[in-house]
Structures are given as structure tokens and as C-alpha cells.
Amino acid sequence: MKFSKLLLLLSTGVSKIHASGSLDVDVDAYSYVTSLMAEDATTADVASDAICTTAIDEYTKSDSIEDDSTIEQIMTREGLKMNFDADDRGQIITLDSVRYPYDENMVVRPLPSNHLLTSFVFDMTSESFGPRRNPQESDQYTHYTVFPKAMKPLLERTSTRQLQLRFTRGFWDAESWGPLPYDGVKSGGSGVELWATIEATSKDEAYHKWKSLANYLSGHFCASINFIDSAKTSFPVYSFKGDTGDSAIPLFDRENKDSNLYILHAALANEPICTENLTPLIKLLPTRGKSGISTYLDGHKVFDSVWHSLSIDIDTKCDLKSELCHYEMEAMVDMVIHVPNVLERFENPIPKPVGGDKLRCDLTKPYDAYECFPLPEDTAISFSLSQLFNKTITGCNKFIERPSTICVETTTEWDISLKIVDDDSLMGDESNCFELEDTKRYDVILDSHNSKSVVSTGDVPVFVSRALTGYGQDHGGLRTVLNNPNDTPVTITFFESFPWFMRIFLSSLTVESSNGDITVNKLMESMYYSPAVDRKRPTHLEFTMEIPAHTTFSFSYQFDKTLLQFAEYPPDANHGFEIESAVVTVLSPKPYQLRTSTLLLLLSTPDFSMPYNVIIISSTILGLIFGVVFNLLVKRVVTLEEADKVLVERSIKYRLLMLKQRVLSKLGLSH
Amino acid sequence: MTSLITLRKSVALSFVALYLLIGVPLWYKLTTIYRASLPIEYIQDLYNNKFKEIHLTIPVFVKSDTYRFPDIHDAVQIQVNHLLRSKRQYVDWSLEIFPYNETIIDQATARGDDYHIVDLVLDEFVGYNLPYDSKTTIVYFDDTSVASNDLPFFIAQTLVEHTFELEWNHWSLKPDQNEPEQLANSDIAVNYNPNIHLSMSLLNGDGSPVAWEIDNTLKNIFTPFREMISPLVNFTVDAQIAYYNDLNLYQLNNVSNPTWHDLSHVIDLSELSTTNYFVEQNAINLVIVFPGKETNLDGLQFVNTNEENQWGSFIVPQWGVLIVNKSPLEDNALVTENYLNPIMLKFVKDLLRLLGVLDTKDKELSSPYIVIDSVKRIRIIDNLNKAVETLWSLIKLTHQFQQMAIPQEVLEDITNALDMRLELIDLLNNPHVGSNMDWNKALLMSNEIVKSCEKAFFHGEMLQQNFFPQEHKLAVYLPLLGPLSVVIFSGVKALFNEKKSESEEDITSKDEKKGLEEDIAEELKETKELGAIDDKDSISTPASTD
């Protein structure tokens, strides 16, 4: 009964608990008790006195009662004196170093035509924890140092073992810029994309956990992720297996034989990405954007780019021997900016026409004050990151294991230097990698006379484009073109998910190629197809195929468009329906992932005042019919003569005559 | 002629009858909102006579080792009843005094359970003691008190006024009082919930690396507390270190002589409050904040320190405890267990107030088992009260909004809650049931009842339908109902008017009429000749002219 010492401390405390918010600092029970503890001889008496003061009643004026056994018990309680030794209490010690598993670095890479790719990577690891422990057990405590506190309960509650969340917008020009950063595995399709590996005993349970996960992430990242429902969720078979493979993901509930891992995937095509999604991401970092490279992350700058991608990856790692697990989280922000545009905005926040003297005219062509054929952009370029991000890096993070680094990947035709803003000094390094080791303000200066010279990062294994074909509002077609420009054949899995209102006819699948010798059977190694269920499940298609070297081919299929129910149309129904991008995962020669652009599907949209019009018209017709029937049944049927008579009797002249007759007869003048 | 009119009349009336007897009820039935029939009268009765059927009994065993008192329990019972009757009770409660029965107690001990026991100890004086580690009341007596037959009264007084002090104070009403006072200052305590999350944070004003020995402190001090209070509240606890957050306290250094008003204006708790655990509804925070070195090199001047503690502690009502440290931390500082222990003790004490267990400022928890047991009972009664209040609000709401749907699930939840309530009351009223586990069970049941009632009250469909305006119904049906009603009722009216005019005609004498008709026919003939009426057919029949 460990708590007896606590109770002793509580009951003997002489402090007063002060009113809410009062600025008095109170004397804690602790000091009183510890001083008692120090004096062995007298402690027993005083302590027992303290216990009994509350126990002595007004009707007995007796002395305090000695309860030796209890006091003895308290005094011999092991650890008590050890923990509350009066000699070294209240200390804050300085250790040699305190470091936490957090890592951050930034890579800057110039791209052709004066574009610049900047990538921020933040890695953090959670404290170890025993899975399968109930957090309500009295000795269960969860500790957080650098891993975000918001995530762990979420992962535990939804049994999520792996979580990937992507916010991507813009166009990555693969033909000119080369492969996507991190071989495409860290960027999603345009909009929001979420996939997770969830442990559950059945598919239904997995879906419920997934729904709960989506709702929470929606709230946390201020995005419409809560619109993910069963009609948008698919269970990928070949794609999204991750680079570690299934075996590396631990099952927490091994005893239950039904327990299994489910991969769920959903995407919200063309969802707008903005500052409200970036700010929660920065809040997940231990530095909270106040120091290190995360100071650069400013919504105005990140989203003022040609292409940007925010990604969060969380993975569970377990040590089988110690039965302890930890989470690893990787947050990344990547963006491509067009340097001249951003610099111009830095210099002239309010856009205005370039002055005549600053125009760069093609001198080989006629030019004067009114005519100028512009030259291509200048290849001599010099700028600093502070110009691009509008601020300098503030200091370093002192609690991280390795200092934050900034690396610039360029050719030798670029001059890169690190500027320490505080003492205005410049530093250069051959590797072009700089470590931020001090709490100073830093800046990086990039300078080149030939900005066309950029580092090549290899070939893109495959190019994909996808488009809608056909016209009209009842059916359409979908055509995907794949191109392997390389010398080696490429094996890919092709993942597509369509909403239920797009009814794909797989029978209409045709393959066309430039040389004409590619057929469906030859091309597709395996295929997974799960047809849609109206309002419940999307169409889910996955192919594994091998594309021979130097081949371009296309495959297409037809689909029917369905009419939606009245309430299923979104408020901006005439905008059309966004169709999520297809995911191409390259398996060989090297792992790579890319996505097609999203599609905009136009469905026939009703006139939304229609229901009321229908009600009114049908009611009018019903009213008319009823009126006729009712009158036929109820009105008197007369002969023509009778009708004439009635008509005469009803005429005003007849009534006047009647009146006249009556008056005359009363006066006796009638004949 | 008459038979034709009767037929027409009956046709028209059958239309009206069809309209009124079948059409209107059918339309009403088909367009009306589903409202399950709630046990309104029963709930109203419960609300008006709260705790009418409750007679809470707490069994107490009297044990005497030295002397044998064969009838002491009866004597104490009489005294206890007398004492309890001296004040008006909010909830009818009483103690059931039993002689010490070893088998019952041993059985209870075997399953880890216990009862209230009064231990009579012969001593040289009369007194009592409530030990801190059990549910026993030790009453000391001397021979004089036995001889003068004072002992039963002493025992009764000890039990009612000391052992069951909380019940006695809480449930006894003053003459002008109708409801008992709140258990704790409700402005500080969070709403009672059996599951509460505790969030402990070490905030550092800047980015200098910090470590703390919180795990040891928690395991040594907080775990025993959690075990002790677990029948009442279950906690989930997390501890985090956060950098670059000093709750804006640095702003206070510019203020001379800041008061707690300034503090409450300046502190920004938003970032801590938004990252709460999302399973539990309630969260209590302990925040230990160190100022940043850059902003406050000399520390926060307003924090009064003494040689023992370098921090000040503040309760933020319904939120948690704020510990403000005076000086900033050095780089690589380790906040040791010895620094954290007093903070944790202070927090535990404040936590009792935040949970509503301790109600007065300077009271100490001397006999926690007994107090927690009493708090359990008070919570049970409060929960029952809360459940009935919730149900009554629901009834009032449904009464006020006639257009509000009442789904079947709401009725099921209410029935479930009311059934459980009866079950719980049976348990409370049983004088033989009253061990520790029974109270835990009763508390769990009462929590369930509250949950069920709240589930019924917050059913999503009830409020959703409420905002569907009644005019819409009219707008949709008016194009159909309007023409139908106009046709039917104007037709019937015309029919009855027609009959009336015909009967008027019957009244005028036939002769007169005939004479008149002849006259008119002549006159008409004249006028026709004059060309005033050019329509040939409009003249009366030739028979009448003859």
C-alpha cells in the first residue's frame, strides 16, 4: 500500500489550498513532512499528532491517541526516506546533454527553366510503449517528448499501424524536371489522399476504425477528409504494400486468430490545400516553427508555388524481444517555385509593368520603344533563400541528436554559401551541405551564371496520361496512355478507383499501340476487379503489367453515367465530379510511384426547381380531373328548355319586372 | 325532382365525408413526424417527487472484543434513527446496525471486499479515531460510559456526525432549504465523469533541451492515488514536454505588481487544450511552465518564492493546475524527482478539488477510504438526480417543439434508463447490501443511467427534424389540396343554396305565381317585339303563354 505515504503527506500538510488564480504561493505539505522525517526521534509523536488532530472530537477532550503500529508502518515504508531525503530536494541538475530522437533537414535543388525544388524533412520517434496495455491501468503513463501528442491516442484507438496522408496540388512537369522527389512515394494525387494499414478482425471493423481515423484527421488538419465514406474507400490488393512489406508491420493482438491487417485507401480529388492544412502540420513538430528550418514554413510562400506537397507518414516499429514498440513519424513539405516570379513579388509586392529600360529584347529582331520581342529568361541568377521565403532561419534546435542541415544539390556552375546574418559572414563548403549548430540567424545564397546547369536525378521510368473521351451525358470513355522511353522493360501495378456513378464496362477494354503487336493478354499479367455497388462501394481496378522498352500504348474502356438522386448532387453540381487520379507503382527496374492528373466528369444535372414544378403540374391536373368528375356527379342535369328558363329567371330584367309586378299588385293597379 | 336532389345531396355529402373522414386523417397520418410515446407522466412524477422511493441504507457492523454487548446494535440503531430524524433529509437514508458477523466479514475479505465496521475498544477515556487506511471506526470507551449507558449514543454520534459526515452534511436540509448544496465548489470542479484524462505538460519558454523524471514521480506518488480513487474515477495519463510555449507569461514582466487578474488575462491555454485525448470527455491538465531564457533572463518577477519552492501554483477552474516556475531552465537541465514530488503532491491535493471530492479550502483528506465511500454514495444520488433532470428536460423539449421527431431509440434508451434506475434503487434500499463492491457497482450503474439518459437527450435525429419548417409541408401539398377543397366545398355550398332558393319558390302561392308568370310572359313578348331581347329561345315556353 504505497499510497499511505502520500496520505500521510496530504493529511499532515499545513498548507492552505488557495483560491483559484490567487497569486499566493503556498507552503507545501511536503516541506513540513520532510523536515519531520529528518528527525527520527520526534517524528512518531508529531506525525501521530497530525493524524489525530482531525480525529479528536469536541465531546472528548482526551489526549492524542498513540497508534504505534500505524506510525511504525509508515516509517518503515521502503523507499520513503530515500525519495524524500531532505538534503538534496528541489534540485534541477544540469546534464551533459539532453537529446531527443528528432531530425530535420532541408534540400534545395535547382530545376530547369529557373525552377527550384525545396524539400523539408522532419523525422520524429515516439517513446517506447508496451502494446496491449490498458491505459487505465494504474501504472500506465504515456510520455511524449518530440512525437506529437495528438497522434498516438488516435493510432491506438483506431489500431492503425501505418498511416499515410498526402496533401498535393499543382503539376509536376516530369518531362522537364525528371522524377518526383523521393521517387514519388511521398507525394499524392492532386487533392488529399489517405491510406492506412489497420489491424482488425473483419473488414467491417477495419472500415469503422478507418472512418473514425478519417474523421479525426479531418478535424485535426481542417480538411474535408470526413467526406471519405464507404463509397470512396477501396482495399488495395497489389498497390500500397509499402517498401517494408507486410511482415514488418506488427500485429498487436496476436492471440486473436481473426486479427489481420487491412490496407484502406481513399482520395479526395482536387481538394483545395491551403494554410489551414499546413499550420496543423507545423504544430505537430516539436519546434512549432519557431526554430530550425521549420521557420521557413509560411503558408504564403509554400502555397505560392507551381507544385507543392505536404505528407505525413507514421509507422509502427516493434522489438520482438522486449515487446516494446514505438512510432516513427516523417513529415515532409516539398514545393517547386518559379524563382523569377517569386523574386519579382519580393521586390514589387504590388505588380506593375516592367519599365522600358528593364525589358530584355531580342536584339536580333527589330525593336524600338513600342516593339520588343522578349528574350528567354536570363540564365544568370543570384538569390538568397530569405528572398524566397521572406525570412531567415532562426537558430538551431538544441534538443536534437544531429544538427539541422541544409543541402543544396547543384552542379559546379553554382556558387553556394551560408550567410550568418548576425555577424554578416559567409561560409562555403564543397559538399554544399551546411549544419546549423548555433542559435544565430542563417541564410543561404545561391548564385549561378548558368542556371540551366542542374543536377540530373535519373530517368522517369514511365510516363502516364489519362483522359476522358466521348461526348454526351449518358456514356463516355477513358483512355490511358503509357509510355516507357527507357531501354529496359518496366513492371508496374496500375491502381484505379472510380465512383459508383461511373459504370465501367470491362468488356470494352481495348489496347492500342504504335506498332500494333500488344494485346490485352500479352500485356496484363494479373488483374483485380471489384465492381461498384451503388452508393456503397467504388469500382476498384488493379492491373499488373509489363511495358516493353521504348513502347507507347494506350488502353481504354467505356462507361455509363448514372443519374444521381436529387439530394446526392453537391451544391455546385454543374462544376462536375472530380475523379481521383490513377496510381502507377513501378516495381522494376526501380521502385517509383506516380499519379495521373485528376479528371472532371460531367453528369447530367437536373434543373433543381424540377421537383416543385412536377408537384405543381401534377396537382393542377389532378385538381382539374377531380373538378370535372365532382361536377358531373353533383350538379343538376336539366333539359335545354329548363336551362333557358332558369337563365331567363336569373336575368336582371326579369327580376325588375317581377318587382314592378309586385309593386303594382300591392297598389292594386294590376289588371 | 326531390329524389334527384336527395341523391345529389348524398353524393356531395359522401365526398365531404370521404374528404374529412378518410382524406384528412390519412394525409395527417402520412405526413406527420414520428413521435414515440414517452412515459411523460411517470417522468413528471419522478421529477416532482425525487427520491420518493429511495431509502438508502448503509450496513454497519459493531464489533466489541473486550465486552460482549448482546443488544448494543439495537440500542445504537435507536440512537442513530433518533439522530437522523432530528434533521429534515433530502434523501431518505439510514444506517443499518448489525452485530459483528465473522462469516460475512470473512467472506467479504476473501473476495477483496469490505464493510463499515465499528470497533469498540476499552480505554481510559471516551473518543474515536478514523484510521486513514480502512473503513473502520474505532470508538474508545471506558467503564463509566458503559455504566451510564452512554455508549450507544457515543457510537451513534460518531457514526452519523463523523464517519458519515459527508452524507449527514450534504443530505440534511436547513429549514429554509429545498436542495442540498453542491458537493464541491462547482465553479472549480469539472463535471463528474467516471473516465477522465490527465494531461501533464512541462512547458519550456524556449528551445533549450530539458528532461524530467516524471515517470518516477508518477509511479511513486500518482499510481497509489490512482488505485485509491479508481472506484470513483479512472484516469488515463500522459506527460509531455513542449518547447517554445510559456503561455505568454513573459508579457507579465512588463506589468508592475501583477495580480491574478492579469495572469488570467495573459495566459493562453488554447494550444494545450486543443490536443486533448479524444476518448474521454473530460480532461484535467497539470502544466509546469518554465519561462524562456531569451524573454525572461531574470525569471518571472511576480512569482513569490520561498526557500522550499521556486514555483507558484494556481488552479484554473475546470481546467487544471498551473505551476509557474520563477527561473528559466539552463540548457540540458534535468528536472529531478525531488523537484517534481512536491509539485505532484500539490497537484494531487488540487485534483481532489477539481474532481469535487474535497469541498472546503482548508480541509485535509484524513480518512480517504471513508470519504471516497461517502463521495460514491453522494455521486450515486447526484447521478440519479441528474438522470431525472435530463429526462425531464427531454420531456419539456419534446413538449415545447411539437414538430420534433422522437425516434424509437430515444424511447428505448429512456426505458432502459428507467429500468436500470429501478434496479439500482432496489440495490440501494436493500439493508443487507452495502459492501465496498456493492457501492462500486451502484456507482457504475448510476453512471450508466446518466449515459443512457444523455444518449436519449442528444439523439441526432430529434434536433435535425426540428428545423424542417412546417410551411414546407403546406407549400408542397397546397397545389393539390387547395383545388380539391375549393371544388368540394363550393360545390356543396352551391347545392345547398340551390335547394334553398327552390324552397323559397315553393312558399310563394302557386296561383299568384301563375298569374305573375302570365303577365311577365306578355311583357316579355312586348319587349321582344321591341327588339330588347333578341334571343328567341329565351322566351318562356309556349305552354305558359296559352
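None of the values given here were measured: they were computed from a predicted structure.

Parameters and conventions
Residues numbered from 1 in each chain as written. Chains lettered and ligands numbered in written order. Predicted model: local features only at pLDDT ≥ 70, side-chain atom pairs only at ≥ 80, totals over all residues. Heavy atoms only, no water. Helix = DSSP H or I, 4+ residues; strand = E, 2+ residues; numbered from the N terminus. Buried < 20%, exposed > 50% of the residue type's maximum accessible area, 1.4 Å probe, protein only. Contact = heavy atoms within 4.5 Å. Disulfide = S-S within 2.5 Å. Expected span 1.5 Å × (residues − 1). Core = buried A, V, L, I, M, F, W, Y, C linked by side-chain atoms within 4.5 Å. Pairing = 2+ DSSP bridges. Axes fitted to C-alpha atoms, helices over the stretch in contact; angles between N-to-C directions. Domains from an automatic or database assignment. Phe/Tyr/Trp six-rings, centres within 6.5 Å; stacked < 30°, edge-to-face > 60°. Parallel < 35°, antiparallel > 145°, perpendicular 65-115°, else oblique. Left-handed = near helix turned anticlockwise from the far one by under 90°. Nonpolar A, V, L, I, M, F, W, Y, C, P; charged D, E, K, R; others polar. Salt bridge = Lys/Arg side-chain N within 4 Å of Asp/Glu carboxyl O.

The next thing to look at is the overall build of chain A. Along chain A, the regular secondary structure elements total 16 helices and 27 strands. Here chain A holds 671 residues, and 48% of them are scored as buried. Sequence separation of 24 or more characterises 73% of the internal contacts of chain A that already satisfy a separation of 6 or more.

The number of helices and strands found in chain B is 18 helices and 14 strands. Within the span of chain B, comprising 546 residues, buried residues form 52% of the whole. For chain B, restricting intrachain contacts to residue pairs at least 6 apart in sequence, the fraction spanning at least 24 positions comes to 78%.

Right, let's talk about unusual backbone geometry for a bit. Residue and element names in this part refer to chain A. In this structure, P589 follows S588 across a cis peptide bond, with omega equal to 10°. Positionally, P589 belongs in the loop between β25 (583-588) and β26 (592-595). For Y182, which is not glycine, the phi torsion reads 55° and is therefore positive. Relative to the elements of secondary structure, Y182 occurs in the loop between α7 (174-177) and β6 (191-200). One non-glycine residue, R288, lies in positive phi territory at about 50°. Relative to the helices and strands, R288 resides in the loop between α9 (275-284) and α10 (299-302).

Turning our eyes to something else, we now look at the state of the cysteines. Residues and elements named next belong to chain A. Applying the stated criterion across every chain, the model contains three disulfides over all chains. Note that C318 is cross-linked by a disulfide to C325, the S-S spacing being 1.9 Å. Taking the sign of the S-S torsion, 100° for the link of C318 and C325, the bridge is right-handed. What makes C318 partly exposed here is its relative accessible area of 31%. Two residues, C361 and C372, share a disulfide whose sulfurs are 1.8 Å apart. Residues C361 and C372 are joined through a disulfide that is left-handed, its torsion about the S-S bond being -115°. On the criterion of sequence distance, the pair formed by C361 in the loop between α11 (339-347) and β10 (381-384) and C372 in the loop between α11 and β10 is long-range, its members being eleven residues apart. Judged by its relative accessible area of 25%, C372 falls in the partly exposed class. Between C274, a free cysteine, and C222, which holds the nearest cysteine sulfur, the sulfur-to-sulfur gap is 11 Å.

An α-helix turns once every 3.6 residues. As a result, residues three or four positions apart point the same way. With 22 residues, helix α13 (residues 408-429) of chain B ought to run about 32 Å at 1.5 Å a step, and its terminal C-alpha atoms sit 32 Å apart, in line with that. Every buried residue belonging to α13(B) is among B:V410, B:L411, B:D413, B:I414, B:A417, B:L418, B:M420, B:R421, B:L424, B:I425, B:L427 and B:L428, and all of these are buried.

A few words on the nonpolar core. Nonpolar side chains in soluble globular proteins tend to be buried together. Core analysis: the biggest nonpolar cluster contains 207 residues, and B:M200, B:F222 and B:F235 have the highest contact counts within it. Of all the elements, helix α12 (residues 368-400) of chain B adds the most residues to this core, at 15 residues. Each residue touching B:F222, except ones within four places of it in the same chain, is listed here: A:Y141, B:L198, B:M200, B:T217, B:F235, B:V237, B:M344, B:F347, B:V348 and B:L351. The next biggest cluster of nonpolar side chains, apart from the first, holds 48 residues, and it includes A:L180, A:F501, A:F543 and A:A573.

A few words now on the environment of B:I381. All names here are of chain B. Examined against the element boundaries, I381 turns out to sit in helix α12. Sequence separation between I381 and L428 is 47 residues; the distance between their C-alpha atoms is 9.9 Å. If we skip the residues at most four places from it in the chain, I381 touches F51, I54, L56, V91, W171 and L428.

Let us look at the sheet that holds strand β19 (residues 490-498) of chain A. Residues and elements named next belong to chain A. Spatially, the five strands line up as an open sheet ordered β21-β22-β19-β25-β26, and their pairing is antiparallel. Among the strands making up the open sheet, the edge pair consists of β21 (524-530) and β26. Along the sheet, successive strands turn relative to each other by an average axial angle of 15°, direction set aside. Here five bridges tie β19 to β25, and the two strands are oriented antiparallel to one another. Within the sheet, the bridge partner assigned to I492 lies in β25 and is V586.

As far as domains go, chain A holds domain 1 (6-95), domain 2 (102-448), domain 3 (463-601) and domain 4 (612-667). Computed from C-alpha atoms alone, the centre-to-centre distance between domain 2 of chain A and domain 4 of chain A is 84 Å.

On to the pairing of strand β17 (residues 463-469) of chain A. Residue and element names in this part refer to chain A. When β17 meets strand β18 (residues 475-484), the two strands line up antiparallel, connected through seven bridges. Across the sheet, R466 pairs through a bridge with T480, a residue of β18. Hairpin remark: β17 followed by β18, antiparallel, with five residues in the connecting loop; positive phi at G470, about 85°.

A separate point is the packing of aromatic side chains. All names here are of chain B. Per the stated rule, a full pass over the model turns up 39 aromatic pairs over all chains. Note on F51 and Y90: the rings are 5.1 Å apart at their centroids and 75° apart in plane angle, and the pair reads as edge-to-face. Taken together, the residues span a long stretch of sequence, with F51 in the loop between α2 (40-48) and β1 (56-64) and Y90 in the loop between β2 (88-89) and β3 (93-99) at a distance of 39 residues. Overall, Y90 belongs to the buried group, its relative accessible area being 14%.

Let us look at the packing of α2(B) against α12(B). Residue and element names in this part refer to chain B. Contact geometry of α2 with α12 gives a least axis separation of 9 Å together with a crossing angle of 135°. What the angle tells us is that α2 and α12 run oblique. As α2 packs across α12, the resulting crossing turns out to be left-handed. Judged by residue contacts, I40, I43, Q44, L46 and Y47 of α2 engage V388, E389, L391, W392 and I395 from α12.

This part takes up the packing of helix α8 (residues 214-229) of chain B against helix α11 (residues 337-354) of chain B. All names here are of chain B. Between α8 and α11, the shortest axis-to-axis distance is 9 Å and the interhelical angle comes to 25°. The pairing of α8 with α11 is recorded here as roughly parallel in orientation. Crossing of α8 against α11: the hand is right-handed. Of α11, the residues touching α8 (which contributes I214, N216, T217, L218, N220, I221, F222, F225 and I229) are E337, L340, N341, M344, L345, F347, V348, L351 and L352. When its residues are assigned to classes, the contact of α8 with α11 shows 13 nonpolar, four polar and one charged.

All names here are of chain B. Read across the open sheet, the five strands follow the order β3-β1-β4-β6-β5; overall the sheet is mixed. Across the chains shown, the open sheet's two edge strands, defined by having one partner strand only, are β3 and β5 (127-129). Taking each pair of neighbouring strands and ignoring which way they run, the sheet shows an average axis angle of 25°. Two strands pair when backbone bridges link them, and strand β4 (residues 116-122) and strand β6 (residues 136-141) are joined in this way by six bridges, in the parallel orientation.

The next subject is the pattern of salt bridges. Inspection of every chain in the model, using the stated rule, returns 35 salt bridges over all chains. One salt bridge in this structure joins B:D331 and A:K398, with 3.4 Å as the shortest N-O distance. With one member in each of two chains, B:D331 in the loop between β13 (320-325) and β14 (333-335) and A:K398 in the loop between β11 (393-394) and β12 (404-408) form a pair that bridges those chains. For A:K398, a relative accessible area of 27% puts it in the partly exposed group. Between A:D534 and A:R503 there is a salt bridge, and its shortest N-O distance comes to 2.9 Å. On the criterion of sequence distance, the pair formed by A:D534 in the loop between β21 and β22 (539-547) and A:R503 in strand β20 (residues 502-513) is long-range, its members being 31 residues apart. Among the residues examined, A:D534 registers a relative accessible area of 32% and is labelled partly exposed. Note on A:R503: relative accessible area 36%, which makes it partly exposed. Sharing partners across several salt bridges, the network here consists of B:D114, B:K135, B:E167, B:D373, B:K376 and B:R377.

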